[in-house]
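Coordinate inspection notes
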Amino acid sequence: MSEEATPPGTETLVGLTTTEAVKRREKYGPNEIEEKKKSPFLKYLGYFWGPIPWMIELAAVLSFLVHHWPDFIIIMILLFSNTFLGFWEELQAGNAIAALKKHLALRAKVKRDGNWTMMPARDLVPGDLVRLRIGDIVPADINLCSGDALEIDQSALTGESLPVTRGPGSLVYAGSIVKRGELDGVVSATGKNTYFGKTAGLVTSTVITSHFQKAVLGIGNFLVVLAAALVVLILVVAVLRGDQVTTTLQFALVLIVAAIPVAMPTVLSVSMAVGAKILASKKAIVSRLAAVEEMAGLDMLCSDKTGTLTQNKLTLGEPVLIGAHNEKELLLAAALASRAEDEDVIDLTILDSLDDDNELKTFHIRHFQPFNPVSKRTEVEVEGADGEIFKVSKGAPQVILELASNLGDIAGTVQESIGTLASRGFRALGVARTDKEGNWGFLGILPLYDPPRKDSRETIDMAKSMGIGVKMITGDQLAIAKEIAAELNLGQNVLDAKVFDKKAQLDDIIENADGFAQVFPEHKYHIVEALQRRGHITGMTGDGVNDAPALKKADVGIAVSGATDAARAAADIVLLAPGLSVIIDAVKESRNTFQRMNNYATYRIAETIRVLVVMTLSILVFNFYPVTAVMIVLLALLNDGAILSIAYDNVHYSDKPEVWNMQRVLTLSTALGATGVVGTFLLFYFAEQYLHLERGVIQTLLYLKFSVAGHLTIFVTRTRKSFLSIRPSTILLSAVIITQLVATTIAVNGLFMEPLGWQLAALVWGYAFIWFLIEDQVKLFIHRTSG
């Protein structure tokens, strides 16, 4: 496709009317690319043929071959139930996340009916006049109109590593990023007709597995390997004893089923989706779901000052006149270099300070060069009512000062004024104008004050109490940064960007600093890199296009409220409201999610150890199958179905960053599992020696004990303190009660097993509750001794 083209119909650049846009939308359709997704139900029907469930299927086949119809029916119910549960919960989670991501939908500045307006990019149609600014993701294929050239990053589309320059008459592709400049253009293609849309079929996405997901999946592998080792031992002994091979093999396969954490992927997905929905209600949208759990380990947060720690509501102080004759002249020049439609907070503050904005209408803006983080200034070419043409610039005072033709004469005065203002917490904005000879003259300084947010200090103190260090990052003067840091109790070890010129011990310097001033976006990347080398799980906030590399590099990239499209695309979490408290809320919720998953993992390992060890020892020592294959399948069906509700459980977030401590998890799980083994064999001994029950009834007795005690274990593992310390959620409690009533009814009435009767069922419940109290004391002992 040619990149040079003459934009059709761009002579007037008036844009479309709403009526014309509606007609074109009917013709061309919405500006979006439909992804070809596999049906969620078909995806979960694939569960039947996955690498883990083949053992369940093989057990069903063996049951069919030996005509064990009850076993066959129950196993098939297990397969279909897990398929449906997985499908339903994933569908709910997917719908929730899709709804959340609508908040992140790309928006574009479009001229409709003669007025500039912001609208969803999906509503663009060919012929729309669009304004592209630094940080925007190009919303469609666009022919550029007159003006300065843009720098475009189209590496995601073409593989070009460096930005390319595109000027008037050039075509820029949907999906590329504006790195520098500002220009209007006319939409030439939308949706599937764009360059990106035509090649989207060739693009594949990479699924990134988070550290926590890897740990949880590692637990699953551990359980399967443990089960396989014990099953091999059972098979060897069975063969030596001459037991029936098909029955033993069927039992062994179903035993492995009991060890497989079938519900783990669904519990993981639902837990993260629940966390994401809660964060969305607090104005934090998760763009990468795994970030919900990764934030649990966050121990260092690098936060922007403006808009995050401060209110981003500027007030104008007493102007400092240098070359200007009066305050009105200085404000008028600054206003000429401002543009209301860009909705920039500095521009709006300056424009609002004018006594009479009608005077602006007597000037004609011939050329507007917008602010960018590299040049740090805005420049406009203006024509006055008398025909005089001159330039005005506003921006960082040091940068504006460098333009002045009389730099040597005024440098000292300007620097002193900047320092004085900074020491009082004021940001300084320099303003300059050219004379008739084209020489720049420094007009003066506009002091702008952005007060700290009322909740910032309290939130920072809370972050510190949660084990999170906070470092302030700002492009403002060092004195301003120190003043704000003092107000927020951040510390006074605030360094300026010169520190990055040092090579020796730079990582130490960065780690020990309380904040950084006068930084450029590339410095953020170095800060994140240094902190990660020091072993910190680092979060970084950002809002500009040049912040994107740092946001990508950070363990948790956070696009603050009002961030550019490029920053939002690079971030893991996008804030819709200003302030640091949103981030801290996100950390709290992520720690809650981590605890739910940690509780589930501990429970699952403990239960697997309990069942496998009891089975193995019973077969090897007593030559007795303590439960039947159908019972094992029922345990897996009822317990896994109810345990999904743990994603909604009540927990208290930890005061320290959550670190996956596999040794502690395995120690606690093993202790609880061993306690359960002892309790089960004592019940077996009591039933056989004192109650003189038949082996079939004992199997039912042990089945009910496994079921009831198993679910009571989740109430042990869900708290670090006494099980009474945190009230379980209603949904978890209800799910456990319902499934255990079902299990008890099956056991009492002898469905697929020998009937137990209500008296023995009551005995099992009482016995299981006593051992539940013992398990809780074992847990408390483990936590006390392990620290």
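Not measured: the values here are computed from a predicted model.

Some words on the overall build of the protein
A count of helical and extended segments in the protein gives 27 helices and 24 strands. Counting only residues that meet the buried cut, the protein has 54% of its 787 residues in that class. Relative to all contacts within the protein whose residues are 6 or more apart in sequence, the contacts with residues 24 or more apart total 71%. On the protein, roughly 34,300 Å² of surface is accessible, and the fraction owed to carbon and sulfur atoms is 57%.

Comments concerning the sheet that holds strand β6 (residues 164-166)
In a beta sheet, neighbouring strands pair by backbone hydrogen bonds and run either parallel or antiparallel. Strand order in the open sheet made by the three strands is β6-β5-β8, with antiparallel pairing throughout. Only two strands of the sheet have a single neighbouring strand rather than two, namely β6 and β8 (177-180). Going from strand to strand, the sheet's axes swing by 45° on average, the running direction of each strand aside.

Here's the deal with the packing of aromatic side chains
With the rule as written, the count across this model stands at 12 aromatic pairs. Residues Y600 and Y603 carry aromatic rings whose centres are separated by 6.4 Å and whose planes lie at 45° to one another, so their mutual orientation is tilted. Taken together, the residues Y600 and Y603, both in helix α22 (residues 581-622) and three residues apart, mark about one turn of the helix. By the burial criterion, Y600 is buried, and Y603 matches it. For the pair F622 and F681, a centre-to-centre distance of 6.1 Å together with 40° between the ring planes defines the contact as tilted. With a gap of 59 residues between them, F622 in helix α22 and F681 in helix α24 (residues 662-689) connect regions that are remote in the sequence. An aromatic cluster is built from F622, F624, F681 and F684, whose rings are joined through pairwise contacts. Against the face of W116 rests R131, its NZ or CZ located 4.4 Å from the ring centre. In this arrangement the basic side chain of R433 is found over the ring face of F390, its NZ or CZ atom lying 3.6 Å from the centre.

Digging into the side chain of T744
Secondary-structure assignment places T744 in helix α26 (residues 730-749). Since its relative accessible area comes to 5%, T744 is described here as buried.

Some details on the packing of helix α16 (residues 456-465) against α22
For any two helices packed against each other, the geometry is given by the interaxial angle and the distance between the axes. Where α16 meets α22, the closest approach of the two axes is 10 Å, and the angle between their N-to-C directions is 25°. Taken together, the axes of α16 and α22 lie roughly parallel to each other. Seen from above, α16 lies across α22 with left-handed handedness. Contact residues: T459, M462 and A463 in α16; S581, I584 and K588 in α22. Partitioned by chemical class, the residues of the contact of α16 with α22 number three nonpolar, two polar and one charged.

Some thoughts on the pattern of salt bridges
All chains considered together, the criterion is met by 25 salt bridges. Between D347 and K394 there is a salt bridge, and its shortest N-O distance comes to 2.9 Å. Taken together, the residues span a long stretch of sequence, with D347 in helix α13 (residues 345-352) and K394 in strand β16 (residues 389-395) at a distance of 47 residues. For the pair formed by D347 and K394, the shared burial category is buried. Each of R133, E182 and R339 takes part in one network of salt bridges that share partners.

Section: α26
Working note: α-helix, 3.6 residues per turn, so residues spaced by three or four point in the same direction. Taking 1.5 Å per residue, 20 residues should reach 28 Å; α26 reaches 28 Å between its end C-alpha atoms and fits that length. Within α26, burial applies to L732, A735, V736, T739, Q740, A743, T744, I746, A747 and V748. Immediately downstream of α26, the backbone of G750 shows phi near 70°, a positive value.

Focus on the pairing of strand β1 (residues 107-112)
Most of β1 sits inside the fold, with five of its six residues counted as buried. Direction of pairing for β1 relative to strand β2 (residues 115-120): antiparallel, over a ladder of six bridges. Bridge pairing in β2 links R112 to N115. The antiparallel pairing of β1 with β2 creates a hairpin that spans two residues between the two strands, and D113 there sits at a positive phi of about 55°.

A closer look at the sheet that holds strand β22 (residues 538-542)
Read across the open sheet, the eight strands follow the order β10-β24-β23-β22-β11-β19-β21-β20; overall the sheet is mixed. The open sheet has two free edges, formed respectively by β10 (284-286) and β20 (494-496), since each of these has just one partner strand. Each strand of the sheet is rotated relative to its neighbour by a mean of 20°, with strand direction disregarded. Alignment of β10 against strand β24 (residues 573-575), held across three bridges, turns out to be antiparallel. Paired with V286 across the bridge in β24 is I573. Running over the sheet, helix α19 (residues 521-533) touches β11 (300-304), β19 (469-473), β21 (515-517) and β22 and is turned about 170° from β22.

Points about the confidence of the model for the protein
Residues shown with low pLDDT carry predicted positions that ought not to be read at fine detail. Mean pLDDT over the protein stands at 81; residues scoring 70 or higher make up 84%. When the criterion is pLDDT under 50, residues 1-12 qualifies, and its contacts beyond four places in sequence or with other chains add up to 21 contacts. Here residues 35-53 scores under 50 on pLDDT; set against residues more than four positions off or in separate chains, the count is 25 contacts.

Regarding the packing of helix α25 (residues 695-717) against α26
Where α25 contacts α26, the axes come no closer than 10 Å and their chain directions differ by 175°. As judged from the angle between their axes, α25 and α26 are roughly antiparallel. Across the interface between the two elements, T700, Y703, L704, S707, V708, H711 and F715 of α25 pack against L732, L733, V736, T739, Q740, A743, T744 and A747 of α26. Taken together, the residues of the contact of α25 with α26 sort by class into nine nonpolar, six polar and no charged.

Quick word on the nonpolar core
Of all hydrophobic cores here, the largest spans 57 residues; its most connected members are V627, Y703 and L756. If one sorts the elements of this core by residue count, α25 sits on top with 13 residues. Ranked by size, the runner-up nonpolar core spans 35 residues in total, among them V292, L490, L575 and A577.

Some remarks on a negative patch on the surface
Residues E318, E327, D355, D356 and D357 make up a contiguous surface patch of negative charge. In this structure D356 comes out as partly exposed when scored by relative accessible area, which is 45%.

What about the environment of T17?
In this fold, T17 is placed in the segment before α1 (18-28). A residue is classified by how much of its surface remains accessible, and T17, at 33% relative accessible area, is partly exposed. Residues T17 and D128, spaced 111 residues apart in sequence, show a C-alpha to C-alpha distance of 9.1 Å.

Describing unusual backbone geometry
Comment: phi is negative for the bulk of residues other than glycine, and the bulk of peptide bonds are trans. Here D113, not a glycine, exhibits a phi torsion of approximately 55°, which is positive. With respect to the helices and strands, D113 occurs in the loop between β1 and β2. Positioned with a positive phi, Q518 is a non-glycine residue whose angle comes to about 55°. Note on placement: Q518 falls in the loop between β21 and α19.

Side note on a nonpolar patch on the surface
On the surface, a nonpolar cluster with roughly 570 Å² of combined accessible area is contributed by V61, F64, L65, W69, I73 and I77. Sorting the residues of the nonpolar patch by element identifies α3 (54-65) and α4 (69-101) as the ones contributing at least two each. Within the fold, F64 resides in helix α3. Exposure remark for F64: the relative accessible area of 43% places this residue in the partly exposed category.

Concerning the environment of I460
Looking at the secondary structure, you find I460 in helix α16. Note on I460: relative accessible area 0%, which makes it buried. Between the C-alpha atoms of I460 and L580, which are 120 residues apart in sequence, the distance is 7.9 Å. Residues contacting I460, with those up to four places away along its chain left out, are L309, L488, L490 and L580.

What counts and what doesn't
Residues numbered from 1 in each chain as written. Predicted model: local features only at pLDDT ≥ 70, side-chain atom pairs only at ≥ 80, totals over all residues. Heavy atoms only, no water. Helix = DSSP H or I, 4+ residues; strand = E, 2+ residues; numbered from the N terminus. Buried < 20%, exposed > 50% of the residue type's maximum accessible area, 1.4 Å probe, protein only. Contact = heavy atoms within 4.5 Å. Areas by Shrake-Rupley, 256 points an atom, 1.4 Å probe, with all protein chains shown as cover. Pairing = 2+ DSSP bridges. Axes fitted to C-alpha atoms, helices over the stretch in contact; angles between N-to-C directions. Phe/Tyr/Trp six-rings, centres within 6.5 Å; stacked < 30°, edge-to-face > 60°. Lys NZ or Arg CZ within 6 Å of the ring centre and 35° of its normal. Parallel < 35°, antiparallel > 145°, perpendicular 65-115°, else oblique. Left-handed = near helix turned anticlockwise from the far one by under 90°. Nonpolar A, V, L, I, M, F, W, Y, C, P; charged D, E, K, R; others polar. Salt bridge = Lys/Arg side-chain N within 4 Å of Asp/Glu carboxyl O. Expected span 1.5 Å × (residues − 1). pLDDT = per-residue confidence, 0-100. Core = buried A, V, L, I, M, F, W, Y, C linked by side-chain atoms within 4.5 Å. Patch = residues over 30% accessible without salt bridge, like charges linked within 9 Å, V, L, I, M, F, W, Y side chains within 5 Å. Lys, Arg positive; Asp, Glu negative; His and termini not counted. Charge placed at Lys NZ, Arg CZ, Asp CG, Glu CD.

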